[in-house]
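As a plain string of letters, each chain reads:
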Amino acid sequence: MNDLGITKLANVSELFSRRNFVKMLVGSSALSIAALDKLNAAIYEDIDQLNQDYFQDESPDGVYWDAVRRHFMFHDKLIMMNNGTVGPMPKPVFNTLVKYFKIQVTNPYEVYSFFGPRRDEVRNKLARFVSASPDEVVITRNTTEGMNFVANGLDMEEGDEVLMSSMEHPGGINPWRLKAARYGITIKDIPIGLPPQSVEEITDAFRRGITPRTKVISISHTVYISGLIAPIRELSELAHERGIVLLTDSAHGLGMLNLNMRQLGMDFFASSPYKWLGSPCGCGLLYVKQDVQDRLWPTIASSGWDRSGSARKFETLGQRADPLIFALGEALDFQSRIGKERIERRVKTLAGYLKKELITIPGVRLHTSQDPYLSGGLTAFSVEGVEPNRMVNYLREKYNIVIRTIGSERAGTSGVRVSTHIFITLKDVDMVLEGVKYLADRRA
Ligand SMILES: Cc1ncc(COP(=O)(O)O)c(C=O)c1O
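Numbers given to residues run from 1 along each chain, matching the order in which its sequence is written. Confidence filtering applies because this is a predicted model: local features only for residues at pLDDT of at least 70, side-chain atom pairs given and counted only at 80 or more, and all residues used for totals across whole chains, interfaces and linings. Derived side-chain values reflect all non-hydrogen atoms in the structure, with water molecules and hydrogen atoms excluded from consideration.

1. Looking at the confidence of the model for the protein
Right, so step 1: Residue-level confidence of the predictor is summarised by pLDDT, bounded by 0 at the bottom and 100 at the top. Mean pLDDT for the protein: 92, with 92% of residues reaching 70 or above.
Right, so step 2: Averaged over each element, pLDDT in the protein is lowest for helix H2 (residues 18-29) (47) and highest for strand E7 (residues 268-271) (99).
Right, so step 3: Confidence drops under a pLDDT of 50 for residues 1-13, and excluding neighbours within four residues, the segment shows 17 contacts in the predicted structure.
Right, so step 4: Here residues 21-28 scores under 50 on pLDDT; set against residues more than four positions off or in separate chains, the count is two contacts. Counting from the N terminus, the helices are the DSSP runs of H or I reaching at least four residues and the strands are the DSSP runs of E reaching at least two. Note on contacts: a residue pair is in contact if any heavy atoms of the two residues lie within 4.5 Å.

What follows is the structure, given as structure tokens:
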């Protein structure tokens, strides 16, 4: 394992040899823009046809999902069960990325005025996708940036409190630590169970932590260590009853869950669409509810930072890598064709099956809730007497399955994390189970 906690994979060098990589680049650059458009049209025709033919098909495996899997980019040999780090990309997203980079390099100056306005088309799509207004959508670069924008931009005084859970990601904790160092605010950790047994267990813990000095609750919607989906709607109600604002880190939410900003109700919501939505790294979502926009200072200022009535004022970043943003638009189109509800249902069906079978294996401790309201496509667990690294390496070597280690021994959260996205099959999940059982049967 390297210092980023990433396990070295057995045959990475074979897959990404310099020769293969160059061949792939040459192959793609030979394609004209019209050919890239044609490729996308053919993929979408295929999905439309599948939607017609298999409209009622809810079985987790079968023709529909096999066909969808073929429209992703990853290497055939790999079974990608680590969306939680970086997810694979659907082919139309890659084609769009290449297309717009080609357009950009062909005539950079004229493209300069052509690209900017088209950013709003993506903003509109993103807003529709999460049931928000386009005026509430900031196209950031990732969750970390969104979390920093909010922590940095809210006025707080020495002694004011922010409540966080005990399982936040460094990208969600450190913006507040910086603010604490600079302005003397106080951070309070609220412990939550591994896994929590109910919604009330979580809301009660936060209720007990609130004091008259609490100004912000900052909590993961999708908890990277445990796979918990936090009850944001209930926490929004609790926060708003007390005049507290709620910031949620949903790095994994976009593309995994059928999100609706209005129903969730929080004030700020940050996400990284390269994990589950299939967009490239380098673009993210920050939702800023209309009625709190005047309370948030922009962190970056160029023309437009002082406009009112739109979250665009938090996005005056100067030149952007626009092809990334157009590829995000394509990722939204790809998932919309399949359907957000259908995606969440499949992700949860696969995870539900994995959890139900895992708990029958001696020594397994599930860190993720079995309640579908409190969980999604991330499943974390440990096996007594089996090193998490051993599980990761064994599944990789025996089945080409990519999962990862997660958590820390010190915090009692150490284990592995498995992602079950739409291109995973029950057969893949069965291989995980077979591998875990094999190791569990031979543990120290
Ligand atoms: C819960 C959570 N928050 C924040 C992040 C940081 O995401 P990014 O690097 O896209 O900003 C991650 C990354 O894995 C995460 O899992």
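2. Some remarks on the site of the ligand
Right, so step 1: For this description, a residue counts as near a given molecule or strand if any of its non-hydrogen atoms is within 4 Å of it. Surrounding the ligand, one finds 13 residues, the nearest of these being Thr144, Asp249, His252, Ser272 and Tyr274.
Right, so step 2: One of the side-chain nitrogen or oxygen atoms of Thr144 is found 2.5 Å away from an oxygen atom of the ligand.
Right, so step 3: Alone, the ligand offers 390 Å² of accessible surface; in the complex the protein occludes 88% of this.
Right, so step 4: Each residue is assigned to one of three groups, with Ala, Val, Leu, Ile, Met, Phe, Trp, Tyr, Cys and Pro labelled nonpolar, Asp, Glu, Lys and Arg labelled charged, and all others, Gly among them, labelled polar. Among the residues making up the shell around the ligand, the classes are represented as three nonpolar, eight polar and two charged. Two N or O atoms count as a polar contact when they lie within 3.5 Å, although within protein this holds only if one can serve as hydrogen donor and the other as acceptor, and sequence-adjacent residues are included solely when both atoms are side-chain atoms. Values of accessible area rely on a 1.4 Å probe in the Shrake-Rupley scheme; residue burial ignores everything except the protein chains shown.

3. Here we look at the pairing of E7
Right, so step 1: Residues of E7 alternate between two faces, with Phe268 and Ala270 on one and Phe269 and Ser271 on the opposite face, all of them buried.
Right, so step 2: Direction of pairing for strand E6 (residues 245-249) relative to E7: parallel, over a ladder of three bridges. For Thr248, the partnering residue across the bridge sits in E7 and is Phe269.
Right, so step 3: At least two DSSP bridges between two strands are required for those strands to pair. Relative to strand E8 (residues 284-288), E7 runs antiparallel, the two sharing four bridges. Bridging across to E8, Phe269 finds its partner in Tyr287. Relative accessibility thresholds used throughout: buried, under 20% of the residue-type maximum; exposed, over 50%; partly exposed, between the two (1.4 Å probe, protein chains only).

4. What to know about the sheet that holds strand E9 (residues 364-366)
Right, so step 1: One open sheet holds the four strands; their spatial order is E9-E10-E13-E12, and the pairing between them is antiparallel. Bordering the open sheet on either side are E9 and strand E12 (404-406), each of which pairs with just one other strand. Across this sheet, the average inter-strand angle for adjacent strands is 40°, counted without regard to direction.
Right, so step 2: As paired strands, strand E10 (residues 378-383) and strand E13 (residues 415-419) are joined by four bridges and run antiparallel to one another. By the bridge assignment, Phe381 is partnered in E13 with Val416.
Right, so step 3: In this description, a line fitted to the C-alpha atoms serves as the axis of each element, helices being fitted only across the stretch in contact, and the angle between N-to-C directions of two axes falls anywhere from 0 to 180 degrees. Lying on the sheet, helix H13 (residues 340-358) is in contact with E9, E10 and E13; it crosses E10 at an angle near 15°.

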